[in-house]
Amino acid sequence: MNLLSNPVLTRELRGRIRGWRALIILIVYLSITGLITFLVYAASASSFSGGPSDVEAGRGIGKAIFITVMVSTLVQVCVITPALTAGAISGEKERQSYDLLITTLLSPLQIVLGKLASALAFAMLLIFASLPMAGLAFLFGGVSGTELLIGVAGLAATAICYATVGVFWSTVMRSTLAANVMSLGSVIFLLLFIPFIFVVGSLIGGAFSGDPGIVYIYTMGLLLSAHPFIALGITEASLSSGENAFFFTIPSGGSDILVPSPWLVYLFLTALATGLLLVLSVRLLRPVQYEVRRKKGDGG
C-alpha cells in the first residue's frame, strides 16, 4: 500500500492547501508564537543589569526562548490538530458523499490513513515553521541539540496522537460540530484529569509528606508521562540538571530507583493510543456486511 498514491490523500492535501484558510492559519500561528517569544526575550533581557549583552544573560535568555517556543507550539498543536481531523469523516456524511466514499475500491484503512496523513502534513508544517524561532536559542546558548530533538519528537508524537483522536470522533459522530466538541473535549479532559488524579492520589497515599515507595513512583510516573506538558517538562528539567536523556534515578527509601525518561514513556503511550484509535476508526468505517444464510431444505 503506497500512501503517496492514495487518492484521498491527494484530494485532501489539495483542498487543504488551496485557498486562504491555510495561509491565514499559518500567519496567525507564527504571529502568536513570535509575539510571545519576543515578550519573553524582552522580559529575560531586562532582568539582567547588562541587558542581552551581559555574558551571564546568554544561557538564561536562550533557555527562556527555547522553552517559550516549545510550550506555545505544544499548546497550539493540542488545540489545532484535533480540529484538523474532526471533520475528516463527518464532513463526508454532511456532504452526502460518505456512501460513495466507502463503496470505492479503497479499503477503510486507506481512507483513514489518507485523511489522517493530509491533516498531519499540515500539522507538521506548523511545527517545523516554528523551529527557526526555537533555533534562536542556539545564538545565546543554554540549549543542546538533544533538547531540540526531544522537543520535536514530543511535538510530532502529540500531533499524530491527537490527530487520530479527531479521526476517531469523526467516525463516531454524524456532524463536524459534534466531532470537534468531542475531540477538543477529550484533549482538555486528558490534560486536566491527569494532574487531578496525581494530586488526589498523592494526598491519599501521603506521598507529599513521606518517602514515596517504588509502586507509587512507577504508577504515578506512568500517569504523568501520559501528559505532554508534564512529560516534556520533567525531561527538560532533568536534562538541565545534567541527567541522562534516556533514564535517571529517583531517591526512595534510602536507595536510588532507576526510571526511564518521561519522554520515552510518552512516545510509547502515544504510539499505543494512536494504534488503538486507528484500529477502532477503521472498524467503525468498515461497511456492515450482511450474511445471507439459506435454510436447510431450500433448493440450490
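In this text, all values refer to a predicted model and were calculated from it rather than measured experimentally. Here the residue index of a chain counts from 1 through its sequence in written order. Since the coordinates come from a predicted model, pLDDT governs what is reported: local features require at least 70, and pairs of side-chain atoms require 80 or more to be given and counted, while whole-chain, interface and lining totals use all residues. Excluded from the side-chain calculation are hydrogens and water; included are all heavy atoms of the structure.

## A look at the overall build of the protein chain
Tallying secondary structure elements over the protein chain gives 12 helices and 2 strands in all. Starting at the N terminus and ending at the C terminus, the protein chain contains elements arranged as α-α-α-α-α-α-α-α-α-α-α-β-β-α. Residues counted as buried form 41% of the 300 residues belonging to the protein chain. The contact criterion used is simple: two residues touch if any of their non-hydrogen atoms lie within 4.5 Å. A separation of at least 24 residues holds for 78% of the contacts in the protein chain among residues at least 6 apart in sequence. Using a 1.4 Å probe, accessible areas were evaluated by the Shrake-Rupley method; residue-level cover was limited to the displayed protein chains. Summed over its atoms, the accessible surface of the protein chain is roughly 16300 Å², and 70% of this surface lies on carbon and sulfur atoms. Helix and strand labels come from DSSP, where a helix needs a run of H or I of at least four residues and a strand needs a run of E of at least two; each type is numbered from the N terminus. Note on exposure labels: buried denotes an accessible area under 20% of the residue type's maximum, exposed denotes more than 50%, and partly exposed covers the range between, all computed with a 1.4 Å probe on protein chains only.

## A look at the nonpolar core
Here, nonpolar core refers to any group of buried Ala, Val, Leu, Ile, Met, Phe, Trp, Tyr and Cys residues whose side-chain atoms link them within 4.5 Å. Ranked by size, the top nonpolar core spans 48 residues in total, and within it Phe66, Ile89, Ile111, Ile150, Ala159, Tyr162 and Leu285 carry the most contacts. Broken down by secondary-structure element, the contributors of at least two residues to this core are helix H2 (21-46), helix H3 (57-85), helix H5 (98-102), helix H6 (108-135), helix H8 (145-172), helix H9 (176-205), helix H11 (228-240) and helix H12 (262-285). Counting residues per element, this core draws most heavily on H6, which supplies 11 residues. Contacts of Phe66, omitting those with residues within four sequence positions, involve Ala134, Ala137, Val143, Glu147, Leu148 and Glu236.

## Observations regarding the packing of aromatic side chains
Whether two aromatic rings pair depends on their centres lying within 6.5 Å, for rings of Phe, Tyr and Trp, where Trp uses its six-membered ring; planes under 30 degrees apart make the pair stacked, over 60 edge-to-face, and the rest tilted. For the coordinates displayed, the defined rule picks out 3 aromatic pairs. Ring plane angle 65° and centroid distance 5.2 Å describe the contact between Phe168 and Trp169, whose orientation is recorded as edge-to-face. We classify Phe168 as buried; its relative accessible area is 16%. Relative to Phe193, the ring of Phe189 has its centre 5.0 Å away and its plane inclined at 15°; by these criteria the two rings are stacked. Separated by 4 residues within a single helix, Phe189 and Phe193 lie in helix H9, roughly one turn from each other.

## Points about the state of the cysteines
Cysteine pairs can be linked by a disulfide, which is a covalent bond between their two sulfur atoms. A pair of cysteine sulfur atoms is labelled a disulfide when the two atoms are within 2.5 Å. Applying the stated criterion to the full structure yields 0 disulfides. Sulfur of Cys78: no disulfide; nearest cysteine sulfur belongs to Cys161 and is 9.8 Å away. Assessed through its relative accessible area of 7%, Cys161 is described here as buried.

## A few points about the side chain of Thr274
Within the secondary structure layout, Thr274 lies in helix H12. Judged by relative accessible area, which is 13%, Thr274 ranks as buried. Beyond its immediate stretch of four places on either side in the chain, Thr274 contacts Ile160, Cys161 and Thr164.

## So, the confidence of the model for the protein chain
How sure the predictor is of each residue is captured by pLDDT, a score from 0 to 100. Across the protein chain, the average pLDDT comes to 82, with 86% of residues at or above 70. Within the model, the stretch residues 289-300 combines pLDDT values under 50 with 2 contacts to residues more than four positions away or in other chains.

## Examining the environment of Ile89
Along the chain, Ile89 turns up in the loop between H3 and helix H4 (90-94). Judged by relative accessible area, which is 1%, Ile89 ranks as buried. For Ile89 and Val172, which are 83 residues apart along the polypeptide, the C-alpha to C-alpha distance reads 8.8 Å.

## Section: the pattern of salt bridges
Here, a salt bridge means any side-chain nitrogen of Lys or Arg that lies within 4 Å of a carboxyl oxygen of Asp or Glu. All chains considered together, the criterion is met by 4 salt bridges. The salt bridge partner of Glu92 is Lys115, with a shortest N-O separation of 2.6 Å. Pair noted here: Glu92 is in helix H4 and Lys115 is in helix H6, with a separation of 23 residues, a long-range link. By sharing partners, the salt bridges in this structure join Lys63, Glu147 and Glu236 into a single network.

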